[in-house]
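The residues making up each chain are set out below.
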Amino acid sequence: MLKIIAPSKALVKFFFMLNLSMSKPQREHALNTMETLIMCESRKTISNLNRTICDSTDQSAMSDFFTYSPWENDTVRRQTIKSLIRWSVEQNQLQMFQPTVIISIDDSLARKPKESKHFDTVDWHHDAHGQKQLAHGLSFMTCHIQIGDVSIPINYRIYLKAETIRKLNRKYRNKQKIKFATKIELAKEMLEEIAEHLPQEFKIYVLFDSWYAAKKLIKYCRANGWHVICALKSNRKFNGKKLARIARHIRHRRFTKTIVNSADSVSIYWVYEKIGRINGLDEEVKVFISKRHRSDKFGEFFLCTDTEMSARQALSFYTKRWAIEVDYLYLKTRLGLEDFRLRSYKGIVKFMQLVFLTLQYLHWRIHEEHSPPVKKLTDVIALHRTQQWQNTLFSFAHQVLKHRSIKIPVDNFLAKAA
């Protein structure tokens with residue numbers, strides 16, 4: 001594979017738009033890392049990333065950037081949130097008649113081999129999507145925001161088990177203690193971090209699945225004036241009865257045919273809706289019992305705190321959670337979140353910060369291109385790589401003319417095997 005000469009102009013523009021608190025050497029390392037995360041087609045290890053840069057320094061310099069360099073990932077994250085929300089609002093100010101913000105929250109697992117026992121943040125976690133109940137890896141949560149036609153990941157957290165935190169606090173005794181937080185508390189932290197930057201005049205909906213449908217999180221959203229659309233488990237009580245029992249009693253009643261539009265498809269559901277009270281909440285909510293077909297015995301249950309919203313609109317909003325699943329695909333497989341080899345907690349957190357920042361750049365560039373062929377993240381990656389390869393080939397030709405030889409440019413521009 002050809003080496004890269006310098007970060008692309010689009011990536012540099014995005015990076016400086018964020019106005020991050022980094023020194024010049026730190027910015028160079030960050031830009032090189034983000035560029036190589038996109039360009040490197042093999043595993044995104046530090047050695048492979050460093051090998052992709054034409055005038056690379058020693059590999060230890062890149063490793064030290066994550067483990068010892070004094071830049072704070074929390075500060076970088078907050079500055080990024082502020083800049084990207086402001087940019088998202090500016091993109092839609094002139095074209096939104098009913099301004100709406102949709103915030104999705106979910107979690108995922110970056111898998112690591114069970115033999116890898118020396119990564120500070122890696123442990124056994126419950127795997128909701130796997131065949132087995134437990135899986136080995138890095139558990140993390142993300143928050144995705146959609147304002148008008150702008151859709152971009154905006155915040156993240158790494159989830160650590162209480163046992164893992166106790167081990168880390170014993171290991172780094174002289175450092176700042178890490179506090180345990182449940183996933184519900186981490187979800188609240190992410191929302192609190194973006195809340196101050198959200199425009200007050202916009203209507204805000206928060207989406208999550210049944211694992212996050214805790215009264216504590218729903219009450220927090222309602223206290224901020226936000227609405228919630230979420231899935232519910234069948235054992236939740238509605239008007240004093242379990243939803244599963246209610247579904248059995250109404251199975252012969254009339255369900256309304258509802259056409260739900262998603263990003264690139266149309267689905268038909270049969271929905272029964274009712275207004276009442278969920279156990280633990282003080283206000284009335286609307287609950288939807290949704291079936292794929294009339295004879296479906298096992299329906300799905302959804303809650304919406306906006307009692308004036310129709311079933312079609314609420315379920316259409318809920319399908320927008322798919323954007324966060326796409327984020328996980330690219331974070332783990334295309335941008336190398338599962339490939340980290342850094343062992344320390346500090347290094348892993350900073351590596352994830354730059355992987356997440358790279359994903360935000362890809363989303364940002366979709367809207368900056370204004371080009372019909374660039375509609376998906378894979379289109380952005382293809383465009384970015386094509387432009388980088390063109391720059392590399394032009395530089396290669398220039399070196400051939402300069403040295404009047406092809407041997408030196410070949411040695412400089414072709415990545416060597418490890």
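Here's a quick rundown of the structure. (Residues numbered from 1 in each chain as written. Predicted model: local features only at pLDDT ≥ 70, side-chain atom pairs only at ≥ 80, totals over all residues. Heavy atoms only, no water.)

**Regarding the pairing of strand β5 (residues 203–208)**
Of all six residues in β5, five are buried, a share of seventy percent or more. In this structure, strand β1 (residues 100–111) lies alongside β5, joined through five bridges in parallel fashion. Bridge pairing in β5 places I102 opposite Y205. Taken together, the four bridges between β5 and strand β6 (residues 227–232) define a ladder with parallel strand orientation. (Buried < 20%, exposed > 50% of the residue type's maximum accessible area, 1.4 Å probe, protein only. Helix = DSSP H or I, 4+ residues; strand = E, 2+ residues; numbered from the N terminus. Pairing = 2+ DSSP bridges.)

**Some thoughts on a positive patch on the surface**
A cluster of basic side chains, namely K241, R245, R248, R251, R253 and K274, defines a positive patch on the protein surface. Within the secondary structure layout, R245 lies in helix α9 (residues 243–249). (Patch = residues over 30% accessible without salt bridge, like charges linked within 9 Å, V, L, I, M, F, W, Y side chains within 5 Å. Areas by Shrake-Rupley, 256 points an atom, 1.4 Å probe, with all protein chains shown as cover. Salt bridge = Lys/Arg side-chain N within 4 Å of Asp/Glu carboxyl O. Lys, Arg positive; Asp, Glu negative; His and termini not counted. Charge placed at Lys NZ, Arg CZ, Asp CG, Glu CD.)

**Notes on the pattern of salt bridges**
Within the structure shown, the criterion is met by 17 salt bridges. Across the pair K13 and E368 runs a salt bridge whose closest N-O atoms are separated by 3.7 Å. In this pair, K13 sits in helix α1 (residues 9–17) while E368 sits in helix α12 (residues 345–369), placing the two residues 355 residues apart along the sequence. Taking relative accessible area as the criterion, E368 reaches 24% and is therefore assigned partly exposed.

**Considerations on the packing of α1 against α12**
Closest axis-to-axis distance for the α1/α12 pair is 10 Å, and the angle between their directions is 110 degrees. By the angle between their directions, the pair α1 and α12 is classed as roughly perpendicular. When α1 is examined against α12, the residues A10, L11, K13, F14, F15 and M17 are found in contact with a partner set consisting of L357, Q360, Y361, W364, R365 and E368. In the contact of α1 with α12, the residues fall into eight nonpolar, one polar and three charged. (Axes fitted to C-alpha atoms, helices over the stretch in contact; angles between N-to-C directions. Parallel < 35°, antiparallel > 145°, perpendicular 65-115°, else oblique. Contact = heavy atoms within 4.5 Å. Nonpolar A, V, L, I, M, F, W, Y, C, P; charged D, E, K, R; others polar.)

**Description of helix α10 (residues 311–318)**
The element α10 is extensively covered by neighbouring structure, given that six of its eight residues are classed as buried. Within α10, burial applies to A311, A314, L315, S316, F317 and Y318.

**Quick look at the state of the cysteines**
Taken as a whole and judged by the stated rule, the model has zero disulfides. Looking at the unpaired C221, the closest cysteine sulfur is the one in C230, lying at 9.2 Å. Of the residues examined, C221 reaches a relative accessible area of 0% and is grouped as buried. (Disulfide = S-S within 2.5 Å.)

**Examining the packing of aromatic side chains**
For any two aromatic rings, the description comes down to two numbers: the centre-to-centre distance and the angle of the planes. For the structure shown, the criterion picks out 15 aromatic pairs. Centre to centre, the rings of F65 and F66 are 5.2 Å apart; their planes meet at 65 degrees, and the pair counts as edge-to-face. Residue F65 shares its accessibility class with F66, and that shared class is buried. Taken together through their ring pairs, the aromatic side chains of F65, F66, W71 and F351 make up a single cluster. (Phe/Tyr/Trp six-rings, centres within 6.5 Å; stacked < 30°, edge-to-face > 60°.)

**Observations concerning a nonpolar patch on the surface**
Together, I259, V266 and I268 make up a nonpolar patch on the protein surface, roughly 250 Å² of accessible area in all. Looking at the element boundaries, I268 is found in strand β10 (residues 266–276).

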